[in-house]
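Coordinate inspection notes
Read off the chains here:
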Amino acid sequence: MQENIIIAANQAAAQSPSAWQRQLSHAIRDPAALCERLGLGQAWLSGAHAGHQLFEICVPEAYLARIVPNDPNDPLLLQVLPTGDETDVTPGYVTDPLEEADHRPIKGLIHKYANRVLLIASPACAINCRYCFRRHFPYSENSPSRTQWQEALDYLRADTSIHEAILSGGDPLAASDRQLAWLVEQLESIPHLKRLRIHTRLPVVIPDRVDEALLDWLSSTRLQKVVVLHINHANEIDQAVVDACTRLKQAGVTLLNQSVLLRGINDSVPALAALSERLFEAGVLPYYLHVFDPVKGAAHFDVSDAEAKTLVNELLAHLPGFLMPRLVREVPGKNSKTPL
Ligand SMILES: *Cc1c(COP(=O)(O)O)cnc(C)c1O
Ligand code: SF4
């Protein structure tokens, strides 16, 4: 009987995907279509094809709408359009720059830092960012089934020093609300867990992701909630994103943002200052500014440490202290992010 109900619910879900799921299934995944929509000529196509072979293109319409057409230097375009540079082989740029493969005691779980554990809640993303340090991540090997989730949950239950579960991915909000509600219910039954943190780009890429079904499980959990968004440029924050952030705040969520410092996208004082200002208008505080991880195929985005430090020192003169992100790097083997 119980089973029948679940099957019926599954069928209902399969028949009527949410608005955000429909938007995701209609995302642009073809180099020619992307170039055509944005008025980019033949010159861009071969690079787009070459990069697409290595890490497929994925851009939903809601994000595409924020890209200015006919501008090959648009800071949002550069985050999603592959170029021939991706085929370059640069010494020191590797497939697992953070050496995460060494820190997975259990499938789908990464425990590197004290008191908090990262759970790979969904292998999928709603957008494929060209600079992503997980572009080579073996998600198919790390996306747990329900039985494997039990192992991860047992690990959390057994270690009373863990106070925070961080849902990561991919993008954890690419999972269905049914799966997420189940997972959060399991997590909140662990007495020593205090906080639920979600690292996601989905509310930015498809603001409709922040819908009733999501707000339902999110607002009803006893855990304190933090959502760390991933936004690199002020142009990513349109009114729909502001509205999504407002809905999250109304559900009792603390909103933070992490960015990656990217050559040609946000490597200037005006761009970083505008990002912080715009984030705050949306009710979001800057958290981290990551220096780029040396991931294979993305060396053209790298900004040197010396440049990064100069930029951040100049930025201090343009922003109140609470709008300054912390410039950090992830160093394999360290027990926290490392400030520069
Ligand atoms: C970045 C990261 C965290 C979170 O670190 P904070 O400094 O608390 O934001 C936790 N676990 C892993 C494996 C991470 O990479
Ligand atoms: S959303 Fe995050 S994990 Fe997914 S491709 Fe972009 S940077 Fe990588």
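It should be noted that the structure appears before, not after, this text.
Residues numbered from 1 in each chain as written. Chains lettered and ligands numbered in written order. Predicted model: local features only at pLDDT ≥ 70, side-chain atom pairs only at ≥ 80, totals over all residues. Heavy atoms only, no water.

**Remarks on the site of ligand 1**
All residues in the neighbourhood of ligand 1 are listed as I110, K112, Y113, R116, L118, I166, R197, Y287, Y288, E330 and K337. Between ligand 1 and Y287, the relevant distance is 2.7 Å, taken from an oxygen atom to a side-chain nitrogen or oxygen of the residue. E330 has a polar side-chain atom sitting 3.1 Å from an oxygen atom of ligand 1. Those elements that place two or more of their residues in the shell around ligand 1 are β2 (116–122) and β7 (285–290). Residue classes in the shell around ligand 1 are distributed as six nonpolar, no polar and five charged. (Near = heavy atom within 4 Å. Polar contact = N/O pair within 3.5 Å; in protein donor to acceptor, adjacent residues only side chain to side chain. Helix = DSSP H or I, 4+ residues; strand = E, 2+ residues; numbered from the N terminus. Nonpolar A, V, L, I, M, F, W, Y, C, P; charged D, E, K, R; others polar.)

**Focus on the sheet that holds strand β8 (residues 326–329)**
Across the sheet, nine strands lie side by side as β1-β2-β3-β4-β5-β6-β7-β8-β9; this open sheet has mixed pairing. Of all strands in the sheet, those bounded by a partner on one side alone are β1 (109–110) and β9 (338–339). Examined bridge by bridge, β1 and β2 share two bridges and lie antiparallel to one another. By the bridge assignment for β2, L109 is matched with L119. Sheet strands touched by helix α9 (residues 177–188): β2, β3 (164–169) and β4 (195–200). Its angle to β3, the strand with the most contacts, is close to 155°. (Pairing = 2+ DSSP bridges. Contact = heavy atoms within 4.5 Å. Axes fitted to C-alpha atoms, helices over the stretch in contact; angles between N-to-C directions.)

**Here we look at the site of ligand 2**
Close to ligand 2 lie C125, I127, C129, C132, G170, R201 and H230, which account for all nearby residues. Split by residue class, the shell around ligand 2 holds four nonpolar, two polar and one charged.

**Side note on the packing of helix α13 (residues 269–281) against helix α14 (residues 305–315)**
Interhelical geometry of α13 versus α14 gives an angle of 55° and a closest axis separation of 10 Å. Here α13 lies oblique to α14, going by the angle between them. Of the two elements, α13 crosses α14, and the hand of that crossing is right-handed. From α13, V269, L272 and A273 reach across to α14, where they touch L311, E314 and L315. Here the contact of α13 with α14 is composed, by residue class, of five nonpolar, no polar and one charged. (Parallel < 35°, antiparallel > 145°, perpendicular 65-115°, else oblique. Left-handed = near helix turned anticlockwise from the far one by under 90°.)

**Let's talk about the pattern of salt bridges**
Counted under the stated rule, the structure contains 16 salt bridges. Two residues, R197 and E164, come together in a salt bridge whose shortest N-O distance is 2.5 Å. Taken together, the residues span a long stretch of sequence, with R197 in strand β4 and E164 in strand β3 at a distance of 33 residues. Classification of E164 by relative accessible area gives buried; the value is 6%. Here D267 makes a salt bridge to R263, at a shortest N to O gap of 3.3 Å. (Salt bridge = Lys/Arg side-chain N within 4 Å of Asp/Glu carboxyl O. Buried < 20%, exposed > 50% of the residue type's maximum accessible area, 1.4 Å probe, protein only.)

**Let's talk about the nonpolar core**
Among the nonpolar cores identified, the biggest contains 80 residues, and L119, L167, L187, W217 and F292 are the most heavily contacted of them. Residue contacts for W217: discarding those within four places in its chain leaves L173, D177, L180, A181, V184, L196 and I198. Counting 15 residues, the second largest nonpolar core, distinct from the first, contains L261, A273, V303 and L323. (Core = buried A, V, L, I, M, F, W, Y, C linked by side-chain atoms within 4.5 Å.)

**Some thoughts on unusual backbone geometry**
Each neighbour pair has its own omega, and for G169 with G170 the value is 15°, a cis peptide bond. The phi dihedral of N70 falls on the positive side, at around 65°, and the residue is not glycine. The topology assignment puts N70 in the loop between α5 (61–64) and α6 (77–80).

**So, the side chain of H290**
One can find H290 in strand β7. With a relative accessible area of 12%, H290 lands in the buried category. In this view, H290 contacts Q258, S259, V260, L261, V328 and K337; residues no more than four positions away in its chain are not counted.

**A word on the state of the cysteines**
Taken as a whole and judged by the stated rule, the model has zero disulfides. Left without a disulfide partner, C35 is nearest to the cysteine sulfur of C58, which lies 15 Å away. Overall, C35 belongs to the buried group, its relative accessible area being 3%. C58 takes part in no disulfide bond, and the closest cysteine sulfur to it belongs to C125, at a distance of 8.4 Å. (Disulfide = S-S within 2.5 Å.)

**Some thoughts on the pairing of β8**
As a general feature of sheets, a regular strand has side chains that alternate between the two faces. Two strands pair when backbone bridges link them, and β7 and β8 are joined in this way by three bridges, in the parallel orientation. Residue pairing across strands places Y288 opposite R326, the latter belonging to β8. In this structure, β8 lies alongside β9, joined through two bridges in antiparallel fashion. Bridged to V328 within β9 is P339.

**What about a nonpolar patch on the surface?**
Together, F280, L285 and F322 make up an exposed nonpolar region whose accessible area comes to about 280 Å². One can find L285 in strand β7. A residue is classified by how much of its surface remains accessible, and L285, at 33% relative accessible area, is partly exposed. (Patch = residues over 30% accessible without salt bridge, like charges linked within 9 Å, V, L, I, M, F, W, Y side chains within 5 Å. Areas by Shrake-Rupley, 256 points an atom, 1.4 Å probe, with all protein chains shown as cover.)

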